[in-house]
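What follows is each chain in one-letter form.
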Protein chains: 2
Amino acid sequence: MLMELNSQAAIAQPGHFYAVGVGPGAPDLLTLRAARLIESAGVIVAPRSERSDESLALAAIRDLIGEQEVIENIYPMERDRERTEQCWRTVAEQVAERCARGLAVVQVTIGDPLIYSTSAYLIEALLDGLMPRERVHAVPGISAFQVAAARFIDPLTIQEDRLMLMPATDMEAVASALDRCETLVLYKVGPRLKALAALFRERGLLGQARLACRAEQGEGESYLQDLTGDLPGELGYMSIVIVRVGRKEWR
Amino acid sequence: MLMELNSQAAIAQPGHFYAVGVGPGAPDLLTLRAARLIESAGVIVAPRSERSDESLALAAIRDLIGEQEVIENIYPMERDRERTEQCWRTVAEQVAERCARGLAVVQVTIGDPLIYSTSAYLIEALLDGLMPRERVHAVPGISAFQVAAARFIDPLTIQEDRLMLMPATDMEAVASALDRCETLVLYKVGPRLKALAALFRERGLLGQARLACRAEQGEGESYLQDLTGDLPGELGYMSIVIVRVGRKEWR
């Protein structure tokens, strides 16, 4: 049945580039479209941060790799615009060169390619004179906040609710956001969990704040149903807090 | 290769309920996990609004339906709390009864079950004394805003950006949100496109506002790259506007 569905799905077209979200890491959270594009591509670009031993995205699709050329591109984690742009410019040139030779190129990326993803840089570099827009595609993937919410079986939004996604880097911006949405999702919690908990305590929100680390990444997953108890120390980059601030009723 | 991946995926467990997101409507935007759960369930609950001839979710998974019992539940579109709750209570009782008989039940829902989805009501009714929490599950799906963004190849967020999702029902709330995020996603645009365009014109955002109707639903899809030209009149419920308000740079 699945194979039948699969055969209807688009295959990667020669000379085209696809930024493909592979979801959070669990191989079965790929979409059928993503799997089919990866299988049928000639070249797979897999980003790996300079702090990681392995590309998470490549690990998620290991079973789909056969004859494809795999280009692992190592990108900087520090906030250095020039180095970041130079890195992605180099990858973009490799992609454009393969596409010009008639190959189909897929960049795999954890989560969704348009939500806090390195795909944004590669797409920007490609569209900056290297490839025409109609040959550049994005294919959505399940984002980390969606699997975190699913784990807690807690609706993110109903009816009139507002949902805000942001990185947890600026505490003032987080405090301001708490006043203006019904559900707040904080990415990149990393070392800031205790500062966040202090803020939530002031607002009476500790019991409505949930923590998910490496959700559905297969290894090292952990979850906290609320932040009222003892908190872990330093968390990794792949940690998310979801706060249910309130609910807006039908007017 | 896909079948192999698929065989690793979880199958629906007897006595358990799963709220499964099937994505926007295109069958190949299901995840492998969703497909496997649907195939292996004993009962499929498919919501259909009283204004529709057909359940969109059921149409998206038509090829996965074999021997499963299909319960189409018709839900009210009007804002009537009592009628809505009564409707979902009835469905929840049907689900709990099947689960008690050892069947696995999947509710299919367009998009993601925790983002503006009817699944929220069914989950709430089930957890209100009908089923224990550990037998109720949510499986994420690609949400409409993700396919709309993918169509425009336009990153929703990078770096420090904030992303806000909300319904387009309250113009004052929309105006306020424009001040407090870098990307604003408006659901349920329906009859309010011209009012939105007037607001965006004031803010100089007409050129950065994109419109997607029934994105990846297979039929009746339409897109506007910006809102500077002539605008369509009444739009359906499944219409989304994405406004790029700005970009927050690395600090």
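Residues numbered from 1 in each chain as written. Chains lettered and ligands numbered in written order. Predicted model: local features only at pLDDT ≥ 70, side-chain atom pairs only at ≥ 80, totals over all residues. Heavy atoms only, no water.

### Let's talk about the sheet that holds strand β3 (residues 69–75) of chain B
All names here are of chain B. In plain terms, the rule: In this description, strands pair whenever DSSP reports at least two bridges between them. What counts as a helix is a DSSP run of H or I of at least four residues, what counts as a strand is a run of E of at least two, and both are numbered from the N terminus. Orientation is described by lines fitted to C-alpha atoms, with helices fitted over the stretch in contact, and by angles between N-to-C directions that extend from 0 to 180 degrees. Pairs of residues are marked as contacts when any of their non-hydrogen atoms sit within 4.5 Å.
Judged by pairing direction, the sheet is parallel, and its five strands sit side by side in the order β3-β2-β4-β1-β5 without closing on themselves. A single partner strand is all that each edge strand has here, and the edge strands are β3 and β5 (136–139). Ignoring strand direction, the axes of neighbouring strands in this sheet form an average angle of 20°. With three bridges connecting them, strand β2 (residues 43–49) and strand β4 (residues 105–109) associate as parallel partners. Paired with V45 across the strands is Q107, a residue of β4. Running at roughly 170° to strand β1 (residues 17–21), helix α5 (residues 119–127) makes contact with β1, β4 and β5 of the sheet.

### A few points about the sheet that holds strand β10 (residues 239–244) of chain A
Taken in spatial order, the 10 strands of this open sheet run β9(A)-β8(A)-β10(A)-β7(A)-β6(A)-β6(B)-β7(B)-β10(B)-β8(B)-β9(B), and their pairing is mixed. Of all the strands in the sheet, just β9 (222–224) of chain A together with β9 (222–224) of chain B have a single pairing partner and so form its edges. Neighbouring strand axes in the sheet, compared pairwise and without regard to direction, differ in orientation by 15° on average. The pairing of strand β6 (residues 163–167) of chain A with strand β6 (residues 163–167) of chain B spans three bridges and is antiparallel. Its bridge partner lying in β6 of chain B, M164 of chain A is registered against M164 of chain B. Taken strand by strand, helix α6 (residues 144–152) of chain B contacts β6, β7 (183–187), β8 (209–213), β9 and β10 (239–244) of chain B, and its axis lies near 60° from that of β10 of chain B.

### Here we look at the relation of the copies chain A and chain B
The relation between the two copies of this chain is a rotation about an axis and a shift parallel to it. This is how it is decided: Here the copies were fitted onto each other by least squares, based on C-alpha atoms from residues at pLDDT of at least 70 in both.
Rotating chain A by 180° and translating it 0.0 Å along the rotation axis places it on chain B, where the RMSD comes to 0.0 Å. The operation mapping one copy onto its partner corresponds to a two-fold rotation axis. Here 100% of the interface residues in chain A have copies in chain B that are interface residues too; the copies meet face to matching face.

### Quick notes on the packing of aromatic side chains
All names here are of chain A. To be explicit about the condition: For Phe, Tyr and Trp, where Trp contributes only its six-membered ring, two rings pair if their centres lie within 6.5 Å, and the inter-plane angle classes them as stacked under 30 degrees, edge-to-face over 60, or tilted in between. We call a residue buried when its accessible area falls under 20% of the maximum for its residue type, exposed when it is over 50%, and partly exposed in between, using a 1.4 Å probe and counting protein chains only.
This model, assessed by the stated rule, comprises eight aromatic pairs over all chains. Both rings, one in W88 and one in Y121, keep their centres 6.3 Å apart while their planes meet at 15°; by these two values the pair is stacked. Placement of W88 in helix α4 (residues 81–100) and of Y121 in helix α5 (residues 119–127) is noted, with a sequence separation of 33 residues between them. Like W88, the residue Y121 is buried in the burial classification.

### Structural notes on the pattern of salt bridges
We apply this condition: A pairing counts as a salt bridge when a side-chain nitrogen of Lys or Arg comes within 4 Å of a carboxyl oxygen of Asp or Glu.
Tallying each qualifying case throughout the model produces 32 salt bridges over all chains. The salt bridge partner of E72 of chain B is R48 of chain B, with a shortest N-O separation of 3.1 Å. Of this pair, E72 of chain B sits in strand β3 while R48 of chain B sits in strand β2; the two residues are 24 residues apart in sequence, bridging distant segments of the chain. The buried category is assigned to R48 of chain B, whose relative accessible area is 16%. Note that E50 of chain B and R83 of chain B form a salt bridge whose closest N and O atoms lie 2.9 Å from each other. Here R83 of chain B lies in helix α4 (residues 81–100) and E50 of chain B lies in the loop between β2 and α3 (56–60), a separation of 33 residues in the sequence. On the basis of relative accessibility, which here comes to 36%, the residue E50 of chain B falls in the partly exposed class. When salt bridges that share partners are traced, they join E69, E97, R98 and R101 of chain A into one network.

The analysis is restricted to geometry; functional conclusions fall outside its scope.
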